[in-house]
Amino acid sequence: MEYIYADNAATTKLDLDAFEAMKPYLLEEYGNASQPYAFSRSAKKALREARITVAECIGALPEEIYFTSGGTESDNWAIKGALINDGGNIVTSQIEHHAVLRACAALERFGHQVIYIPVDSAGIVHPKLLQQLITDNTQLISVMMANNEIGTIEPIAELAKVAHNYGSMFHTDAVQAVGHIPVDVKVLDVDMLSASAHKFNGPKGIGFLYIKKGTDIRSYIDGGAQEFGMRAGTENVAFIVAMAVALKKNCVQMQRTEARILQIEQTFLSALTELGVPFIRNGAGNRIPGNISISIRNANGEMLLHRLDLKGICISTGSACDSKHTQISHVIKAIAVPEEYAEGTVRISFGRDNNIDEALKIAKMIKEILKISSNYN
Ligand code: PLP
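A brief structural summary.

Quick notes on the rules
Residues numbered from 1 in each chain as written. Predicted model: local features only at pLDDT ≥ 70, side-chain atom pairs only at ≥ 80, totals over all residues. Heavy atoms only, no water. Helix = DSSP H or I, 4+ residues; strand = E, 2+ residues; numbered from the N terminus. Rg over C-alpha atoms; globule rule 2.2 N^0.38 Å. Buried < 20%, exposed > 50% of the residue type's maximum accessible area, 1.4 Å probe, protein only. 1 Å grid on protein atoms, 1.4 Å probe; cavity = no way out; pocket = protein on both sides within 12 Å on 5 of 7 lines; lining within 4 Å. Points joined across faces, edges and corners; volume = space filled by probe spheres on them. Nonpolar A, V, L, I, M, F, W, Y, C, P; charged D, E, K, R; others polar. Pairing = 2+ DSSP bridges. Contact = heavy atoms within 4.5 Å. Phe/Tyr/Trp six-rings, centres within 6.5 Å; stacked < 30°, edge-to-face > 60°. Near = heavy atom within 4 Å. Polar contact = N/O pair within 3.5 Å; in protein donor to acceptor, adjacent residues only side chain to side chain. Areas by Shrake-Rupley, 256 points an atom, 1.4 Å probe, with all protein chains shown as cover. Sits in = over half its atoms within 2 Å of the grid points. Axes fitted to C-alpha atoms, helices over the stretch in contact; angles between N-to-C directions. Parallel < 35°, antiparallel > 145°, perpendicular 65-115°, else oblique. Left-handed = near helix turned anticlockwise from the far one by under 90°. Core = buried A, V, L, I, M, F, W, Y, C linked by side-chain atoms within 4.5 Å. Disulfide = S-S within 2.5 Å.

1. What about the overall build of the protein?
Here is step 1: In terms of helices and strands, the protein carries 14 helices and 15 strands.
Here is step 2: Taken over C-alpha atoms, the radius of gyration comes to 21 Å for the protein, in line with the 21 Å a tight globule of 377 residues would show.
Here is step 3: Taken over the C-alpha atoms alone, the protein extends approximately 70 × 55 × 40 Å along its principal axes.
Here is step 4: Burial statistics for the protein: of 377 residues in total, 56% are counted as buried.

Written out as structure tokens, the structure is:
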């Protein structure tokens, strides 16, 4: 079957140049980057250069980049590694990825208080609200740069400013943002930032955590001296090299890619409207390009996902059914999508490999499925 892949917020296709770049470090230059002999020199150099490239792409210093196994690890490190004193609390938003929410829940089990900031109907975390909820004991604030379900881009620089005014550390989960929109840690003035390669056409299972020099954070994995003694374990040089190539390429092509994706996005939304599909689009005006969360009136998102799957179309949903109930995602609940729309939430996320024809096919197929499964006409 020929697939139409429109779930790029879940993962992306590996970039061919990134794939080619990593091959030598698997097959020929496979030395352990920590070893002193000449054979490892090339792996060591590749690691150093990849760190410089990644740092340049987000306006950081190379020694502020710590390679990890991906977004989940980076988020867990930032949250669990922050030195929260007894009585110290953490503030995060209600719409974070589970990598942040469950890391916070783990800290709650150790007795720390976590304050969850509500968002408005577009999914925005308002700096004024943060200012009201922050306390003298707030030691860490974690708000994502862009939401994975609805694409909303948060006012990170303003939120970080509030945090710093209160002497708190600020972390952002930028997994959906890095490689897709400009990210400069100095402009944002964040203390920590998480990223994951497979969201920007790099390999799965590799990512990084930016930690601003001087940030008070403990090591995450103890063992060898890798990653400046903060995250032990033999470095995955091949994947790190591929991540750097993919990130640089996405950053260089960012504007062009965005223009193309926005065209595809617009075509899809216009087609849905013309076909008479009763939907609302979720998220703020300022979104990650290609991330389209729609809620369709009186529809069932999970049914739609499965029917589209039978036609070879890959999308995602904002709700999941167990045998008895439909569970609306925490994000869709937090933005208070009207009841008659909430269950019919799906996320279509276009990426650089999609085209207009695919967008039109998905819109037509959605209409067709809705016609069969309900009394839409
Ligand atoms: N944070 C966000 C916002 C995400 O979208 C994801 C992945 O879906 C993650 C964290 C987890 O990243 P990884 O899959 O690299 O562990």
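Having seen it, we continue.
2. With respect to empty space enclosed by the protein
Here is step 1: This model, assessed by the stated rule, comprises 1 cavity of 30 Å³ or more.
Here is step 2: If you add up the space inside the largest cavity, you get close to 280 Å³.
Here is step 3: Forming the boundary of the largest cavity are 22 residues, of which His180, Ile261, Pro289, Phe350 and Gly351 lie nearest the centre.
Here is step 4: Ranked by the residues each element gives to the lining of the largest cavity, the list is headed by helix H10 (residues 254-274), at 4 residues.
Here is step 5: Here the residues of the lining of the largest cavity are counted per class, giving 6 nonpolar, 12 polar and 4 charged.

3. Focus on the pairing of strand S8 (residues 207-211)
Two faces belong to every sheet, and in a regular strand the side chains alternate between them.
Here is step 1: In terms of burial, S8 is a largely internal element, 5 of the 5 residues being buried.
Here is step 2: Alternating positions in S8 separate into two faces, Gly207, Leu209 and Ile211 on one and Phe208 and Tyr210 on the other, with burial throughout.
Here is step 3: Direction of pairing for strand S2 (residues 65-68) relative to S8: antiparallel, over a ladder of 4 bridges. Paired with phenylalanine 67 across the two strands is phenylalanine 208, which belongs to S8.
Here is step 4: Bridge count between strand S7 (residues 192-196) and S8: 5 bridges; the pairing is antiparallel. By the bridge assignment, serine 194 is partnered in S8 with leucine 209.

4. Some points on the layout of surface pockets
Here is step 1: A volume near 240 Å³ is recorded for the largest pocket.
Here is step 2: In terms of lining, the largest pocket is formed by 22 residues, of which the most central are Gly71, Thr72, His97, Val175 and Lys199.
Here is step 3: Across the lining of the largest pocket, the residue classes tally to 6 nonpolar, 10 polar and 6 charged.

5. So, the side chain of asparagine 89
Here is step 1: The topology assignment puts asparagine 89 in strand S3 (residues 89-93).
Here is step 2: Those residues within four positions of asparagine 89 in sequence are excluded, and the remaining contacts are Ile84, Gln113, Ile115, Thr135, Asn137, Thr138, Gln139 and Leu140.

6. Things to note about unusual backbone geometry
Here is step 1: Phi is positive for aspartate 189, close to 55°, though the residue is something other than glycine.
Here is step 2: Within the element layout of this structure, aspartate 189 appears in the loop between helix H7 (185-188) and S7.
Here is step 3: Although it is not a glycine, glutamate 227 sits at a positive phi angle of roughly 50°.
Here is step 4: Looking at the element boundaries, glutamate 227 is found in helix H8 (residues 226-229).
Here is step 5: You can call glutamate 227 buried: its relative accessible area is 4%.

7. Brief notes about the packing of aromatic side chains
Here is step 1: On inspection of all chains with the given rule, the structure shows 5 aromatic pairs.
Here is step 2: A centroid spacing of 5.3 Å and a plane angle of 80° characterise the contact between tyrosine 66 and phenylalanine 228, whose relative ring orientation is edge-to-face. Within this pair, whereas tyrosine 66 is found in strand S2, its partner phenylalanine 228 is found in helix H8, the two being separated by 162 residues in sequence.
Here is step 3: Given a relative accessible area of 10%, tyrosine 66 falls into the buried group.

8. Examining the site of the ligand
Here is step 1: In the vicinity of the ligand there are 13 residues, among which Thr72, Asp173, Gln176, Ser196 and Lys199 approach most closely.
Here is step 2: A distance of 2.8 Å separates an oxygen atom of the ligand from a polar backbone atom of glycine 71.
Here is step 3: One of the side-chain N or O atoms of threonine 72 is found 2.6 Å from an oxygen atom in the ligand.
Here is step 4: When the ligand sits alone it has 400 Å² of accessible area, and the protein chains cover 85% of it.
Here is step 5: When atom positions are compared with the pocket grids, the ligand is found to occupy the largest pocket.
Here is step 6: The biggest single contributor to the shell around the ligand is helix H3 (residues 71-81), with 3 residues.
Here is step 7: Here the shell around the ligand is composed, by residue class, of 2 nonpolar, 8 polar and 3 charged.

9. Observations concerning the packing of H10 against helix H14 (residues 356-373)
When two helices pack together, their arrangement is captured by the angle between the axes and the distance separating the axes.
Here is step 1: Axis separation between H10 and H14 bottoms out at 9 Å; the angle between their running directions is 25°. For the element pair H10 / H14, the angle class is roughly parallel. Viewed along their axes, H10 and H14 form a crossing whose handedness is right-handed. The residues of H14 that touch H10, namely those facing Ile264, Thr267, Phe268, Ala271 and Leu272, are Ile356, Ala359, Leu360, Ile362, Ala363 and Ile366.

10. Re the nonpolar core
The tendency in soluble globular proteins is for nonpolar side chains to be buried side by side.
Here is step 1: Of all hydrophobic cores here, the largest spans 68 residues; its most connected members are Ile58, Phe170, Val178, Val183, Val190, Leu193 and Phe208.
Here is step 2: Per-element tally for this core: the top contributor is helix H9 (residues 237-252), with 9 residues.
Here is step 3: Contacts of valine 178, omitting those with residues within four sequence positions, involve Val183, Leu193, Ala195, Phe200, Phe208 and Leu247.
Here is step 4: Core analysis: the second largest hydrophobic core is formed by 28 residues, Ile261, Ile264, Val277 and Ile292 among them.

11. Some words on the state of the cysteines
By definition, a disulfide is the covalent link that joins the sulfur atoms of two cysteine residues.
Here is step 1: Taken as a whole, this structure holds 0 disulfides when the rule is applied.
Here is step 2: With no disulfide of its own, cysteine 251 lies 4.1 Å from the sulfur of cysteine 57, the closest cysteine sulfur.

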